[in-house]
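One-letter residues, chain by chain:
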Amino acid sequence: MPIDSHAAEVAQGERFEFGKNWASFLTSLTDRRIAEAERSLQNMLGVTTLSGLSFLDIGSGSGLFSLAARRLGARVHSFDYDPHSVIARAS
């Protein structure tokens, strides 16, 4: 996806730039919040680990749940349409 296409959609009011919000969110990201995301995934999926599994995060935003899945042992594939989200990845 060309960045110009995304920028045009934003300029026309067809798309919101979620990635800018995610960049702001990541300035307050703590180990506690990452652990909460890990617990959230464990509870939602009914597992304690993701070892040996793949995790696909479509529209990954800040990357918080991709990071949580990785820390739980998954092989993670994530992507987002918003270039600001891609830049603002949690790591």
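For every chain, the first residue of its written sequence is number 1, and the numbers climb from 1 along that sequence. In keeping with the model being predicted, local features are shown solely for residues with a pLDDT of at least 70 and side-chain atom pairs are shown and tallied solely at 80 or more, while totals for entire chains, interfaces and linings include all residues. Hydrogens and waters are ignored; side-chain quantities use all the structure's heavy atoms.

## Notes on the pattern of salt bridges
Working step 1: Any Lys or Arg side-chain nitrogen located within 4 Å of an Asp or Glu carboxyl oxygen qualifies as a salt bridge. On inspection of all chains with the given rule, the structure shows 2 salt bridges.
Working step 2: Across the pair Glu36 and Arg32 runs a salt bridge whose closest N-O atoms are separated by 3.1 Å. Note that Glu36 and Arg32 are positioned in helix α3 (residues 31-45) at a spacing of 4 residues, about one turn of the helix.
Working step 3: Each residue is placed in one exposure class: buried if its accessible area under a 1.4 Å probe, protein chains only, is under 20% of its type's maximum, exposed if it is over 50%, and partly exposed if it falls in between. The partly exposed category is assigned to Glu36, whose relative accessible area is 34%.
Working step 4: We classify Arg32 as exposed; its relative accessible area is 57%.
Working step 5: Salt-bridge contacts for Arg71 lead to Glu38; the nearest nitrogen and oxygen are separated by 2.7 Å. Residue Arg71 is found in helix α4 (residues 64-71), and its partner Glu38 is found in helix α3; the two are separated by 33 residues along the sequence. For the purposes of this entry, the term helix denotes a DSSP run of H or I that reaches at least four residues, the term strand denotes a run of E that reaches at least two, and both are numbered from the N terminus.

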